[in-house]
Amino acid sequence: MSLSKLTVNFPDGTQMPFDLTLPSVTIGSGISSTVIIPHESVAESHVELSLDVTGYLITDLVGEGATLLNGHPLEQGVAYQLEPGSLIHLGQVEAFYESESAAVHETEAEAEAVDFPVPGSFDLPKHPAGVFVPLKKKVNPVMIVSVALSVIAALGALFIGFSSGDIKLPR
């Protein structure tokens, strides 16, 4: 199990450490948040951290530039990979993310080479260089032509069958 920790630094210098042990953690000033940060600049449900095979992902729930990751604003609803040493700004409050799981994964990866892709081995979105943008499906003109020709051929066969009398409709 990964040993992840979030240290919250308030503007007055006060620090609050939180051990991240749950697969999903909501951070905010509201009573329904898993990690409650009592500060007026933090929304009731500000961000969500969710555990993935490679570590925690952060998703901004507020938008409007209220959450920064290493100085860059997060897009609302998009999950970004947290790396050890990441600095998160929630309004006027800073949070420092630490994780020991990354060092363990790197050592395991060096010890054992994987010849085939395994679930979770693909790169996850990282901000700002690798912002996740859903891929748009491209229309393949060859596929469209082949489907159209198939439909035309099937309709042509039915028409020829009806007109020649080989195919009779029930009465």
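This text follows the structure it describes.
Criteria and cut-off values
- Residues numbered from 1 in each chain as written.
- Predicted model: local features only at pLDDT ≥ 70, side-chain atom pairs only at ≥ 80, totals over all residues.
- Heavy atoms only, no water.
- Pairing = 2+ DSSP bridges.
- Helix = DSSP H or I, 4+ residues; strand = E, 2+ residues; numbered from the N terminus.
- Buried < 20%, exposed > 50% of the residue type's maximum accessible area, 1.4 Å probe, protein only.
- Phe/Tyr/Trp six-rings, centres within 6.5 Å; stacked < 30°, edge-to-face > 60°.
- Expected span 1.5 Å × (residues − 1).
- Contact = heavy atoms within 4.5 Å.
- Polar contact = N/O pair within 3.5 Å; in protein donor to acceptor, adjacent residues only side chain to side chain.

S.K.: An account of the sheet that holds strand 5 (residues 47-52) is needed here, citing residue identities and associated values.
M.R.: In spatial order, the strands read 4-3-5-6-9; together these five strands make up an open sheet with mixed pairing. Where the open sheet ends on each side, the last strands, each with one partner, are strand 4 (35-36) and strand 9 (79-81). As paired strands, strand 6 (residues 55-60) and strand 9 are joined by three bridges and run antiparallel to one another. Considered in strand 9, the bridge of threonine 59 is made with alanine 79.

S.K.: Now, about unusual backbone geometry: what can you tell me, with residues and values included?
M.R.: Positive phi outside glycine occurs at glutamate 64, with the angle close to 60°. In this structure, glutamate 64 sits in the loop between strand 6 and strand 7 (67-69). Taking relative accessible area as the criterion, glutamate 64 reaches 83% and is therefore assigned exposed.

S.K.: Which residues make up the packing of aromatic side chains, and what are the values?
M.R.: The geometry of an aromatic ring pair is captured by two quantities: the separation of the ring centres and the angle between the planes. Tallied over the entire structure, the rule returns one aromatic pair. Aromatic pair tyrosine 56 and tyrosine 97: ring centres 6.5 Å apart, planes at 75°, arrangement edge-to-face. Of the two residues, tyrosine 56 is situated in strand 6 and tyrosine 97 in strand 11 (residues 93-99); the sequence distance between them amounts to 41 residues. By the burial criterion, tyrosine 56 is buried, and tyrosine 97 matches it.

S.K.: Run through helix 2 (residues 141-164), naming residues and quoting values.
M.R.: Because each turn of an α-helix spans 3.6 residues, side chains separated by three or four positions end up pointing in the same direction. Under the 1.5 Å per step criterion, the end-to-end length of helix 2 is 34 Å for 24 residues, consistent within 8% with the ideal 34 Å. Residue glycine 165 follows helix 2 closely and has a positive phi angle near 90°.

S.K.: Tell me about the environment of glutamine 15, residues and numbers included.
M.R.: For glutamine 15, the position within the fold is in strand 2 (residues 15-20). Here glutamine 15 falls in the exposed class, since its relative accessible area comes to 54%. Separated by 79 residues in the primary sequence, glutamine 15 and glutamate 94 have C-alpha atoms spaced 9.6 Å apart. Other than its neighbours up to four places away in sequence, glutamine 15 contacts Thr7, Val8 and Asn9. Here asparagine 9 takes part through its side chain, which lies 2.9 Å from a polar atom of the side chain of glutamine 15.

S.K.: Tell me about the environment of serine 33, residues and numbers included.
M.R.: By the secondary structure assignment, serine 33 is in the loop between strand 3 (24-28) and strand 4. For serine 33, a relative accessible area of 7% puts it in the buried group. Separated by 13 residues in the primary sequence, serine 33 and histidine 46 have C-alpha atoms spaced 8.8 Å apart. Here the side chain of serine 33 touches glutamate 44 through a polar contact of 2.7 Å, landing on its backbone oxygen.

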